[in-house]
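Fold and contact review
Here is how the chains run, residue by residue.
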Amino acid sequence: MSELSSSVRRRRLHPAWWAAVATFLAIIGAAGFRSTPGVMVEPLHSEFGWSIGEISVALSVNLALFGLTAPFAAALMERFGVRQVVAVALAMVAVGAGLTVFMTESWQLVLLWGVIVGLGTGSMAMSLVATVVGRWFVARRGLVTGILTAANATGQLIFLPVIAHLVESSGWRVASITVACAALVVVPVVLLLLRNRPADVGALPYGGTEADVVEPIRSGAARLAVGTLIGVARKRTFWLLVAGFFVCGATTNGLVQSHFVPAAHDHGMPATTAASLLALVGIFDLAGTIFSGWLTDRFDPRLLLGTYYALRGVSLALLVPLFGADLNASIFAFVIFYGLDWVATVPPTMALCREWFGPTAPIVFGWVFASHQLGAAAAALAAGLVRDALGSYDAAWYGGAVLCVLAATASLAIRRVRVPAPVPEPA
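Definitions and limits used
Residues numbered from 1 in each chain as written. Predicted model: local features only at pLDDT ≥ 70, side-chain atom pairs only at ≥ 80, totals over all residues. Heavy atoms only, no water. Helix = DSSP H or I, 4+ residues; strand = E, 2+ residues; numbered from the N terminus. Buried < 20%, exposed > 50% of the residue type's maximum accessible area, 1.4 Å probe, protein only. Contact = heavy atoms within 4.5 Å. Areas by Shrake-Rupley, 256 points an atom, 1.4 Å probe, with all protein chains shown as cover. Disulfide = S-S within 2.5 Å. Salt bridge = Lys/Arg side-chain N within 4 Å of Asp/Glu carboxyl O. Phe/Tyr/Trp six-rings, centres within 6.5 Å; stacked < 30°, edge-to-face > 60°. Lys NZ or Arg CZ within 6 Å of the ring centre and 35° of its normal. Axes fitted to C-alpha atoms, helices over the stretch in contact; angles between N-to-C directions. Left-handed = near helix turned anticlockwise from the far one by under 90°. Nonpolar A, V, L, I, M, F, W, Y, C, P; charged D, E, K, R; others polar. Patch = residues over 30% accessible without salt bridge, like charges linked within 9 Å, V, L, I, M, F, W, Y side chains within 5 Å. Lys, Arg positive; Asp, Glu negative; His and termini not counted. Polar contact = N/O pair within 3.5 Å; in protein donor to acceptor, adjacent residues only side chain to side chain. Parallel < 35°, antiparallel > 145°, perpendicular 65-115°, else oblique. pLDDT = per-residue confidence, 0-100.

1. What to know about the overall build of the protein chain
Tallying secondary structure elements over the protein chain gives 17 helices and 0 strands in all. By the burial criterion, 56% of the 427 residues in the protein chain qualify as buried. A separation threshold of at least 6 residues defines the contact pool for the protein chain, and within that pool the share at least 24 residues apart is 85%. Accessible surface, the protein chain: about 16,800 Å² in total, of which carbon and sulfur atoms supply 68%.

2. Some words on the environment of L192
If you trace the backbone, L192 turns up in helix α9 (residues 172-193). Since its relative accessible area comes to 61%, L192 is described here as exposed.

3. Regarding the side chain of T145
Here T145 lies in helix α8 (residues 141-169). Here T145 falls in the buried class, since its relative accessible area comes to 1%.

4. Quick word on helix α7 (residues 126-136)
Within α7, 11 of the 11 residues are buried, leaving the element largely enclosed by the surrounding structure. Within α7, the full set of buried residues consists of M126, S127, L128, V129, A130, T131, V132, V133, G134, R135 and W136.

5. A look at the state of the cysteines
Going through the model one piece at a time under the given rule, you end up with 0 disulfides. Here C248 is not cross-linked by a disulfide; its sulfur's nearest cysteine counterpart is in C404, at 8.4 Å. Under the relative-accessibility criterion, C404 is labelled buried at 0%.

6. Regarding the pattern of salt bridges
Counting across every chain of the model gives 4 salt bridges. Residue R302 is joined to D300 by a salt bridge in which the shortest nitrogen-to-oxygen separation is 2.6 Å. The buried category is assigned to D300, whose relative accessible area is 17%.

7. Quick look at the packing of aromatic side chains
By the definition in use, this model includes 11 aromatic pairs. Ring centres 5.0 Å apart and planes at 70° place the aromatic pair W17 and F137 in the edge-to-face group. In this pair, W17 sits in helix α2 (residues 15-34) while F137 sits in the loop between α7 and α8, placing the two residues 120 residues apart along the sequence. Ring centres of F334 and Y338 lie 5.0 Å apart, and the angle between their planes is 25°; this geometry places the pair in the stacked category. Taken together, the residues span about one helical turn, with F334 and Y338 both in helix α14 (residues 329-341) at a distance of 4 residues. Note on Y338: relative accessible area 1%, which makes it buried. By way of ring pairs, the aromatic residues W17, F137 and Y206 are connected into one cluster. Between R312 and the ring centre of Y338, over which it is positioned, the NZ or CZ distance is 5.9 Å.

8. Considerations on the packing of helix α13 (residues 301-317) against helix α15 (residues 346-357)
Across the interface, α13 lies against α15 with an axial gap of 9 Å and an inter-helix angle of 145°. Our pair here, α13 against α15, has a crossing hand that is left-handed. Taking contact as the criterion, the partners of P301, R302, L304, L305 and Y308 in α13 are, on α15, P348, T349 and L352. Of the residues contributing to the contact of α13 with α15, the split by class is 6 nonpolar, 1 polar and 1 charged.

9. Notes on the environment of A407
You can see A407 is positioned in helix α17 (residues 394-412). Sequence-wise, A407 and L305 are 102 residues apart; in three dimensions their C-alpha atoms are separated by 8.5 Å. Setting aside chain neighbours within four positions, we find A407 in contact with G244, V247 and Y309.

10. Describing a nonpolar patch on the surface
A surface patch of nonpolar side chains, amounting to about 340 Å² of accessible area, comprises L13, W18, V21 and L25. Position of L13 among the secondary structure elements: in the loop between α1 (3-10) and α2.

11. Let's talk about the side chain of D285
Checked against the element boundaries, D285 lands in helix α12 (residues 271-296). Buried charge D285 goes without a salt bridge, the closest partner of opposite sign being R312 at 7.9 Å. Side-chain polar atoms of D285 contact the side chain of T289, separated by 2.7 Å.

12. Some words on the packing of helix α11 (residues 236-266) against α15
Their axes nearest at 11 Å, the elements α11 and α15 cross at an angle of 165°. Taken as axis vectors, α11 and α15 run roughly antiparallel relative to one another. When the axes of α11 and α15 are compared, the crossing they make is left-handed. Residues T237, F238, L241 and F245 of α11 pack against V346, T349, L352, C353, W356 and F357 of α15. Partitioning the contact of α11 with α15 into residue classes produces 8 nonpolar, 2 polar and no charged.

13. Thoughts on the environment of E47
Inspection of the secondary structure puts E47 in helix α3 (residues 37-48). Along the sequence, E47 and T104 sit 57 residues apart, while their C-alpha atoms lie 9.9 Å from each other. Not counting residues within four places of it along the chain, the set of residues in contact with E47 comprises W172 and R173. Within the structure, E47 has its side chain in polar contact with the side chain of R173 (distance 2.7 Å).

14. What to know about the confidence of the model for the protein chain
With 89% of its residues at a pLDDT of 70 or more, the protein chain has an overall mean of 81. Taken element by element, the protein chain is modelled with least confidence in α1, mean pLDDT 47, and with most confidence in α17, mean pLDDT 92. Scored below 50 in pLDDT, residues 419-427 makes 0 contacts in the model with residues more than four places away or belonging to other chains.

See below:
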């Protein structure tokens, strides 16, 4: 065994875990903004007189760029390094959130919330998780994917009640400044702990050998991202994954994260109570996503995806009668179940990307994740328009339930990669 392998084995804590810790904290730092829109819709509507539809345009642009940036961010990480891209992205989130305190027109909301913060958060989306896991881990990939994916839910859990309280007690501007500071605080941690590759610290991937080292792909970021898309666009599996993740985004970030609080408020529930329920989603999302990663290491990811989407559809179909001014056991049951299922889809989706697309899996998953956020953007805008036109969100929830059935069908239609049988060596 090489000296490199021996030195790695002697270490008590593999440096891959430090990379995972830095990634976890970076995602939490950016998650502050992801907690903000749902509790700021009503205050912005009250202060500026903007319609829910106008505010939803900014949410839609943010969610779309959050996804469309992902494949290019993965390519930029290949070209310039993970640490550099993440540090700049956190700074963009801070700038975009901080400058909202000076806005007076709805187009400024679109520019700051939609474009600047969308580009920043998109650079730390799930493509970051795919990149870090693909480079640093061979063993425990599913579990680590689940943990890092859950970081967004953990950030929501930490920030959402705080942001809701600040909006109510001190105004939405103080909440925006808090989000900006949270993003900036994480930058030194990223610069200190996050390295681009195991070789930078003289290590091998966790649980791997020299054969598992992922070599850098030397190419322009845009060319690499677009070229990868062109290459996989001929694969049926890619489009089935895209279809499923489009629905995943529509029914989580698009519907529930963006509109659960105002929808509950329509039924007489205080916004702070509804925000606390949404934070409770984050608690159970943390458990559900980590457990999903554990399951992905052991079971067929296609069956997991089909099950997740089908159960999500059932819960959305049952949601409308559960809303009310007071808390009840049924709404708690919805929140707990939806939390467990929130992004449980990510570990099996990443596993299928690795299985089908090999070394380009992080960039491919970036494109798949782009569809997730396009679905979120479409649903956020559509739900806002439905609320303006019909006076309630009911049609949006039922529409989400139908989409989940289609996503379950698409997931079960994916084929597994056939591994050829070993050829016996001649005697």
